[in-house]
Amino acid sequence: MEKKAAEKRVQELHTLLNQYNYEYHVLDHPSVPDAEYDQLMRELTDIEAQYPDLVSPESPTQRVGGEILSAFNKVEHKIPMLSLGNAFNEADLRDFDRKVKQAVGDDVEYVCELKIDGLAISLHYENGLFIQGSTRGDGTIGEDITANLKTIRSIPLRISQPMTIEVRGEAYMPKKSFEKLNQQKEENGEEPFANPRNAAAGSLRQLDPRIAASRNLDIFLYAIGDFSETGATTHHDGLNLLEKLGFKVNKEREKCTSIEEVIQYVQKWVEKRPHLPYEIDGIVIKVNSFVQQSELGTTAKSPRWAIAYKFPAEEVVT
Ligand SMILES: NC(=O)c1cc2c(N)ncc(C(N)=O)c2s1
């Protein structure tokens, strides 16, 4: 194929393959059979082999990097990744609600979300292109694990708008992948992982991206570093924006107009938790309005406008 035609075909293949990848890994609703996806990937790989200068960082062929790193570089989070205050019972939730209302008045709406039991991650995009991904670390300094995060298929290599943003989420290992991995480890006489969170953390700390790629990790995104830049005025709208940009956002989120509704949501998920395909360790409750969030502000380590209801540790059936 001559160069001009190759350049055009590479762009077409990027668009097709990124769309099909999005449908399969984010929507869980593929529109083409795997064989067609694989055939297009082979076509792109062949053109890139013929014209190496047509390989770009956003190419789907670049998800599993080649080199094995010797260490991870440090990354400073421009906006610190805060932790959440905890609530352990209904009284703690009512206490949170009372404090919020003392500060912003009675007209408060909350958003409830499942608290994914994984590893807090920050993704940085420039003009729509995935540039860098890092761990939370101590909230200010994390580790650059971009190569490993690129292997997570639900992370878009380019988002639908040419935005420069920082998005935050939780990388996790689905329960089924965890069980399969531990079975393999036991068969190889290796020490199994204690839980999916440790397995996800251990997989993302691998210096060889091919190992991370083999671990079937996934991610839910739940915040933009600075939502105010996006024009969204509430957290719920912000989450819908993240979905429009092509990110995987957990669909169990719900707006609650009272702490009673929050308590009902918590009780619903105490029941439903064992049937989820991923581990959760609680419920995150956030004040929906960004104006009210900024009125409440943050302490040195956590926001006053959010709280994590922690489930009691699941009794381990021995
Ligand atoms: N440390 C934090 O701020 C958060 C941690 C988590 C988590 N593990 N899962 C979900 C959310 C969410 N949907 O907001 C948050 S927020």
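Residues numbered from 1 in each chain as written. Predicted model: local features only at pLDDT ≥ 70, side-chain atom pairs only at ≥ 80, totals over all residues. Heavy atoms only, no water.

J.: Outline helix H3 (residues 90-104), listing residues and values.
T.: Between its first and last C-alpha, H3 extends 21 Å over 15 residues, near the 21 Å set by a 1.5 Å rise per residue. All of the buried residues in H3 are Leu-93, Phe-96, Asp-97, Val-100 and Val-104. Looking down the long axis of H3, one finds its buried residues gathered within 95° of arc, a one-sided arrangement. Summarising the geometry of H3, the exposed residues directed more than 90 degrees from the buried face are Ala-91 and Gln-102. Elements that come into contact with the buried residues of H3 comprise strand S2 (86-87), strand S3 (110-116), helix H9 (259-272), strand S10 (280-287), helix H10 (290-296) and strand S11 (306-310). Structurally, the start of H3 carries an N-cap: the backbone nitrogen of Ala-91 is 3.1 Å from a side-chain oxygen of Asn-89. Directly after H3, the chain includes Gly-105, whose backbone phi takes a positive value near 95°. (Helix = DSSP H or I, 4+ residues; strand = E, 2+ residues; numbered from the N terminus. Expected span 1.5 Å × (residues − 1). Buried < 20%, exposed > 50% of the residue type's maximum accessible area, 1.4 Å probe, protein only. Arc of directions from axis to C-beta. Contact = heavy atoms within 4.5 Å. Polar contact = N/O pair within 3.5 Å; in protein donor to acceptor, adjacent residues only side chain to side chain.)

J.: Tell me about helix H8 (residues 235-245), residues and numbers included.
T.: Every buried residue belonging to H8 is among His-235, His-236, Gly-238, Leu-239, Leu-241, Leu-242 and Leu-245, and all of these are buried. Against S3, strand S7 (165-172), strand S8 (218-224), strand S9 (254-256), S10 and H10 lie the buried residues of H8. Within two residues after H8, Gly-246 carries a phi angle of roughly 110°, on the positive side.

J.: Please set out unusual backbone geometry residue by residue, giving values where relevant.
T.: A positive phi angle, near 55°, is found at Asp-28, a position not held by glycine. Its place among the elements puts Asp-28 in the loop between helix H1 (3-25) and helix H2 (34-50). A relative accessible area of 63% places Asp-28 in the exposed class. Phi is positive for Asn-216, which is not a glycine, with a value near 50°. By secondary structure assignment, the location of Asn-216 is in the loop between helix H7 (209-213) and S8.

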